[in-house]
Amino acid sequence: MKNFRFTISYDGTRFFGWEHQPDKEMTIQGKIETVLSKMTDKEITLIGAGRTDAGVHAEAMTANAFLDTELSPEEVKNYLNRYLPDDICITDCVIAGDRFHSRYNTLGKTYRYTCLTGEVKPIFDRKYVYYTPEVPNLDEMRKAAGYLIGEHDFASFCSNPRMKKSTVRTVDRINIERKDNYFIFTFHGNGFLQHMVRILTGTLLEVGYGVRSAESIPELIEAKNRSLAGFTAPAQGLCMIKVDYH
């Protein structure tokens, strides 16, 4: 048995998220496990670095699985890409150490959220951006983002009210850039709660729209109350960019 480490790119538009679900065939994990099981003639469990939601994309998700096969990593990659649907691609496959675990060994993650503003709604990239006709104030959003940097209890930005584990996370980078009519939010941290990046984005956009002030963010963090934070930005604008390991 060898521990194979995969880097995976996918368009999440038509999938019910990453995580395998017994009652839903269309998941990223489920599709890859099905092909690996066919390849090895054994039931395979694929461990992902995270659980992207329905409609969320990934440029470089990391996953690993123990496989009993004589195929080389390149042959395994080619087999997967031959039988996986066109919206999932294995971009890299290597042998990892037996102790490597895609989720437990994660040091940090980078996510990107893309908004398109202006009077003309998108046609060709509508599945990969959140379209909003109103143009937000970039300087105010950047000011608000500064209050979010650091180690905080992000309970106000978690959509799971029954979260039993700690909601304390460290966000060490939030970059917001404007390129023509696109606003690109880049988040890096040691981990993110359920819908956290999308709620952070929605909250920052509300600051940009003047719905709330940048100076209100510390009080919002302190409240630890999801109902006080901004809207959950739609899934299609979110993409997992990178997972950090030693």
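In what follows, the structure referred to is the one given above.
Rules behind the numbers
- Throughout this description, residue numbers start from 1 for each chain and increase along the sequence as written.
- It should be noted that, the model being predicted, local features are given only for residues of pLDDT at least 70 and side-chain atom pairs only at 80 or more, the latter also being counted only at that level, while totals for whole chains, interfaces and linings use all residues.
- With hydrogens and water set aside, each side-chain value is computed from the structure's full complement of heavy atoms.
- Each axis is a line fitted through C-alpha atoms, and for a helix only the stretch in contact is used; angles between axes span 0 to 180 degrees, taken between their N-to-C directions.
- The way it works is that DSSP assigns letters per residue, a run of H or I at least four long becomes a helix, a run of E at least two long becomes a strand, and they are numbered from the N terminus.
- Angle categories are assigned with fixed cut-offs, so that under 35 degrees is roughly parallel, over 145 is roughly antiparallel, 65 to 115 is roughly perpendicular, and the rest are oblique.
- Handedness of each helix crossing follows the sense of rotation of the near helix against the far helix: counterclockwise by less than a right angle gives left-handed, clockwise gives right-handed.
- Here, residues are in contact when the closest pair of their heavy atoms is within 4.5 Å.
- Residues are grouped as follows: nonpolar covers Ala, Val, Leu, Ile, Met, Phe, Trp, Tyr, Cys and Pro; charged covers Asp, Glu, Lys and Arg; every other residue, Gly included, is treated as polar.
- Disulfides are defined in this document as cysteine sulfur pairs within 2.5 Å.
- To sort residues, take the accessible area from a 1.4 Å probe on protein chains only and compare it with the maximum for the residue type: under 20% means buried, over 50% means exposed, and anything in between is partly exposed.
- Here a polar contact is taken to be a pair of N or O atoms separated by no more than 3.5 Å, where protein atoms must pair a possible hydrogen donor with a possible acceptor and residues adjacent in sequence count only if both atoms sit in side chains.

Two elements in contact, helix α1 (residues 28-40) and helix α2 (residues 73-83), have axes separated by 10 Å at closest approach and are oriented at 120°. In terms of axis orientation, α1 runs oblique to α2. Note that α1 runs across α2; the crossing there is right-handed. Together, Ile 32, Val 35, Leu 36, Lys 38 and Met 39 of α1 and Val 76, Tyr 79, Leu 80 and Tyr 83 of α2 make up the contact between the two elements. Looking at the contact of α1 with α2, its residues break down into eight nonpolar, no polar and one charged.

Scanning all chains against the criterion turns up zero disulfides. Here Cys 239 is not disulfide-linked; the sulfur of Cys 89 is the nearest cysteine sulfur, at 13 Å.

Time to look at the environment of Lys 42. Within the secondary structure layout, Lys 42 lies in the loop between α1 and β2 (47-48). Given the relative accessible area of 42%, Lys 42 is considered partly exposed. The spacing of Lys 42 and Arg 82 is 40 residues in sequence and 19 Å in space, taken between C-alpha atoms. Those residues in contact with Lys 42 that lie beyond four places of it in its chain are Ser 37 and Asp 68. A distance of 2.8 Å separates polar atoms of two side chains, one belonging to Lys 42 and the other to Asp 68.

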